[in-house]
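So the chains spell out like this:
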Amino acid sequence: MENYQITQWCHYFIREQVHEGDFCIDATCGNGHDTLLLCELVGDSGLVAGFDIQKEAVEKTETRLAETGMNGRGRIFCCGHEKMKEQLLQHEDCRKMLEQTADGYGKVSCIVFNFGYLPGGLHELATKAETSVVALEESLTILKRGGIISLCIYSGKDSGFEERDALLEYLKNLDRKKYLVIMSSYYNRPNHPPIPGLIIRI
Ligand SMILES: C[S@@+](CC[C@H](N)C(=O)[O-])C[C@H]1O[C@@H](n2cnc3c(N)ncnc32)[C@H](O)[C@@H]1O
């Protein structure tokens, strides 16, 4: 691993998971780093849908994709991730992300949640407990067998603890026959370090 930031830790697993032709979702585009990685991995035959509530984040992500020649692989929506299914349904090429297999699995290979606020942006526009949990619920219904949801959870300072606690409580109670939840920690770091995690659809 090149460095030990939480996003790098998650990228390690995302790189393992995502292949050419996959459908993926960046549920919190922000500056577009995760969206770009997903677009690189899915290739020309795959598709990435991205969500953010801030126009600034959507523009930054679209610019990042355009500058790297990846814009054909991404559809970026200025919309809350809690409405991702409703939004995907409205777009012909994204609709297939909602299709289910006969045994009830979805088609999406990887969904990335990097919670919190846009670096350099307004802290009050950070993700919120209530909508984050709804978005996770929606995400689980469209994940393929063996698909993953990658999580970066922040707390303390401006982030507080409400979202972290709600997410951890939700994850703890997920049906263990359907999902494997692996939470990690920066165990010897003080002051509420970020929490990386993975949900795997089994
Ligand atoms: C930590 S940043 C994401 C960083 C990003 N993944 C990157 O690579 O730069 C969190 C983002 O979540 C966005 N956000 C807040 N509430 C949201 C919601 N309900 N739906 C989607 N995005 C939301 C914020 O606007 C912010 O840009």
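Quick caveat: nothing in here was measured; it's all calculated off a predicted structure. (Residues numbered from 1 in each chain as written. Predicted model: local features only at pLDDT ≥ 70, side-chain atom pairs only at ≥ 80, totals over all residues. Heavy atoms only, no water.)

This next bit is on the packing of helix α6 (residues 129-140) against helix α7 (residues 162-172). Viewed as axis vectors pointing N to C, α6 and α7 meet at an angle of 30 degrees, and their least axial separation amounts to 8 Å. The angle between α6 and α7 places the two elements in the roughly parallel class. In this structure, α6 crosses over α7, and the sense of that crossing is right-handed. Mapping the contact onto sequence places A129, S132, V133, L136, E137 and L140 in α6 and E162, E163, A166, L167, Y170 and L171 in α7. Residues of the contact of α6 with α7, tallied by class, amount to eight nonpolar, one polar and three charged. (Axes fitted to C-alpha atoms, helices over the stretch in contact; angles between N-to-C directions. Helix = DSSP H or I, 4+ residues; strand = E, 2+ residues; numbered from the N terminus. Parallel < 35°, antiparallel > 145°, perpendicular 65-115°, else oblique. Left-handed = near helix turned anticlockwise from the far one by under 90°. Contact = heavy atoms within 4.5 Å. Nonpolar A, V, L, I, M, F, W, Y, C, P; charged D, E, K, R; others polar.)

Moving on to the nonpolar core. Formed by 33 residues in total, the largest nonpolar core has its most connected members in I25, L88 and F113. Taken together, the elements giving at least two residues each to this core come down to β1 (23-26), β2 (47-52), α4 (84-89), β4 (108-114), α6, β5 (143-153), α7 and β7 (195-201). Look past the residues within four positions of I25 in its chain and what remains in contact with it is L38, A49, F51, M84, L88, M97, V108, C110, I111, V112 and I142. Counting residues in hydrophobic clusters, the runner-up holds 24 residues, among them C10, I14, V42 and L65. (Core = buried A, V, L, I, M, F, W, Y, C linked by side-chain atoms within 4.5 Å. Buried < 20%, exposed > 50% of the residue type's maximum accessible area, 1.4 Å probe, protein only.)

Tracing the backbone through its elements, the reader meets N71 in the loop between α3 (55-67) and β3 (74-78). A relative accessible area of 44% means that N71 is categorised as partly exposed. Sequence-wise, N71 and V48 are 23 residues apart; in three dimensions their C-alpha atoms are separated by 9.8 Å. Among all residues touching N71, those that are not within four sequence positions of it are L65 and A66.

This paragraph deals with the site of the ligand. Taken together, the neighbourhood of the ligand is formed by 23 residues, with T28, D34, D52, Q54 and H81 sitting nearest. One of the backbone nitrogen or oxygen atoms of H33 is found 3.1 Å away from an oxygen atom of the ligand. Only α2 (33-42) and β2 provide two or more residues apiece to the shell around the ligand. For the shell around the ligand, a count of residues per class yields nine nonpolar, 11 polar and three charged. (Near = heavy atom within 4 Å. Polar contact = N/O pair within 3.5 Å; in protein donor to acceptor, adjacent residues only side chain to side chain.)

What follows covers the environment of G80. Within the secondary structure, G80 sits in the loop between β3 and α4. Its relative accessible area of 10% is what places G80 among the buried residues. As a C-alpha pair, G80 and G146 span 66 residues in sequence and 25 Å in three-dimensional space. G80 has contacts with F51 and I53, leaving out every residue within four places of it along the chain.

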